Amino acid sequence: DWAVLDAPALETSSAGLAMCRYVDAVVLVMRADKTEAEDLNGLRDEIEAHGGKCLGVVVNQIRSDARFADRFSG
(Lines give C-alpha, C1' and ligand atoms only; values in the text may rest on other atoms or scores of the structure.)
Protein backbone atom coordinates (compact mmCIF):
# COMPACT_ATOMS: atom_id res chain seq x y z
CA ASP A 1 0.00 0.00 0.00
CA TRP A 2 1.11 3.52 -0.77
CA ALA A 3 0.32 6.83 0.83
CA VAL A 4 1.68 10.07 -0.54
CA LEU A 5 1.88 13.07 1.75
CA ASP A 6 2.25 16.49 0.19
CA ALA A 7 3.81 19.19 2.32
CA PRO A 8 4.10 22.88 1.45
CA ALA A 9 7.44 24.36 0.46
CA LEU A 10 9.76 24.83 3.42
CA GLU A 11 9.86 28.53 2.56
CA THR A 12 6.27 28.77 3.79
CA SER A 13 5.95 26.00 6.40
CA SER A 14 8.14 23.63 8.39
CA ALA A 15 5.46 20.90 8.31
CA GLY A 16 7.57 18.79 5.94
CA LEU A 17 10.50 18.75 8.33
CA ALA A 18 8.22 17.87 11.21
CA MET A 19 6.85 14.84 9.33
CA CYS A 20 9.97 13.58 7.51
CA ARG A 21 11.11 11.26 10.32
CA TYR A 22 7.77 9.40 10.23
CA VAL A 23 7.71 8.53 6.52
CA ASP A 24 9.72 5.98 4.54
CA ALA A 25 11.31 8.57 2.25
CA VAL A 26 11.09 12.14 0.99
CA VAL A 27 11.02 13.17 -2.66
CA LEU A 28 11.91 16.81 -3.24
CA VAL A 29 10.17 18.80 -5.97
CA MET A 30 12.15 21.69 -7.41
CA ARG A 31 11.55 24.36 -10.00
CA ALA A 32 14.17 24.07 -12.71
CA ASP A 33 14.25 27.81 -13.30
CA LYS A 34 14.62 28.84 -9.64
CA THR A 35 16.40 26.15 -7.60
CA GLU A 36 20.17 25.78 -7.40
CA ALA A 37 21.98 22.49 -6.77
CA GLU A 38 23.47 23.92 -3.56
CA ASP A 39 19.97 24.62 -2.26
CA LEU A 40 18.95 21.01 -2.88
CA ASN A 41 22.04 19.71 -1.10
CA GLY A 42 21.32 21.94 1.88
CA LEU A 43 17.71 20.83 1.99
CA ARG A 44 18.72 17.17 1.81
CA ASP A 45 21.09 17.72 4.74
CA GLU A 46 18.35 19.44 6.71
CA ILE A 47 15.92 16.58 6.06
CA GLU A 48 18.51 14.03 7.18
CA ALA A 49 19.25 16.10 10.29
CA HIS A 50 15.55 15.82 11.17
CA GLY A 51 15.61 12.03 10.81
CA GLY A 52 14.34 11.78 7.25
CA LYS A 53 15.69 10.02 4.17
CA CYS A 54 15.81 11.85 0.84
CA LEU A 55 14.95 9.43 -1.97
CA GLY A 56 15.36 11.80 -4.90
CA VAL A 57 14.29 14.91 -6.75
CA VAL A 58 11.54 15.67 -9.25
CA VAL A 59 12.43 18.57 -11.56
CA ASN A 60 9.46 20.50 -12.87
CA GLN A 61 9.15 23.43 -15.27
CA ILE A 62 12.21 22.34 -17.23
CA ARG A 63 12.57 24.11 -20.55
CA SER A 64 13.12 22.46 -23.90
CA ASP A 65 16.89 22.59 -23.37
CA ALA A 66 17.34 19.27 -21.55
CA ARG A 67 21.07 19.95 -21.12
CA PHE A 68 20.00 22.23 -18.28
CA ALA A 69 19.50 19.10 -16.15
CA ASP A 70 23.19 18.22 -16.49
CA ARG A 71 24.09 20.67 -13.75
CA PHE A 72 22.12 18.55 -11.27
CA SER A 73 23.49 15.17 -12.31
CA GLY A 74 26.48 13.83 -10.68
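Residues numbered from 1 in each chain as written. Predicted model: local features only at pLDDT ≥ 70, side-chain atom pairs only at ≥ 80, totals over all residues. Heavy atoms only, no water.

S.K.: Just checking my understanding: could you explain the overall build of the protein chain for this structure?
M.R.: Helix and strand content of the protein chain: two helices and two strands. Taken across its 74 residues, the protein chain has 16% of its residues classed as buried. Residue pairs at least 24 apart in sequence account for 74% of intrachain contacts in the protein chain once pairs closer than 6 positions are excluded. Accessible surface for the protein chain amounts to roughly 5,900 Å². Of this, 50% is attributable to carbon and sulfur atoms. (Helix = DSSP H or I, 4+ residues; strand = E, 2+ residues; numbered from the N terminus. Buried < 20%, exposed > 50% of the residue type's maximum accessible area, 1.4 Å probe, protein only. Contact = heavy atoms within 4.5 Å. Areas by Shrake-Rupley, 256 points an atom, 1.4 Å probe, with all protein chains shown as cover.)

S.K.: How do you make sense of the state of the cysteines when you look at a structure like this?
M.R.: Between two cysteines, a covalent bond joining their sulfur atoms is known as a disulfide. Here the structure, examined in full by the defined rule, presents zero disulfides. Free cysteine Cys20: the closest other cysteine sulfur is in Cys54, separated by 9.9 Å. (Disulfide = S-S within 2.5 Å.)

S.K.: Teacher, can you tell me more about the nonpolar core here?
M.R.: Burial of nonpolar side chains together is a common tendency in soluble globular proteins. Counting residues in each nonpolar core, the largest one holds eight residues, listed as Leu17, Cys20, Val26, Leu28, Met30, Leu40, Ile47 and Cys54. Contributions of two or more residues to this core are made by β1 (26-31) and α2 (37-49). The biggest single contributor to this core is β1, with three residues. Once residues within four sequence positions are removed from consideration, Cys20 is found in contact with Val26, Ile47, His50, Gly51 and Gly52. (Core = buried A, V, L, I, M, F, W, Y, C linked by side-chain atoms within 4.5 Å.)

S.K.: I would appreciate a short explanation of the layout of surface pockets in the present structure.
M.R.: Take a probe with the size of a water molecule and roll it over the atoms, and the empty space left behind shows itself. Size it by volume and the largest pocket reaches roughly 1,300 Å³. If you trace the largest pocket, you find 33 residues lining it, with Ala7, Val26, Val27, Leu28 and Val29 closest to the centre. Counting residues per element, the ones that place at least two in the lining of the largest pocket are α1 (15-19), β1, α2 and β2 (54-60). In terms of residue count, β1 provides more of the lining of the largest pocket than any other element does, six residues in total. (1 Å grid on protein atoms, 1.4 Å probe; cavity = no way out; pocket = protein on both sides within 12 Å on 5 of 7 lines; lining within 4 Å. Points joined across faces, edges and corners; volume = space filled by probe spheres on them.)

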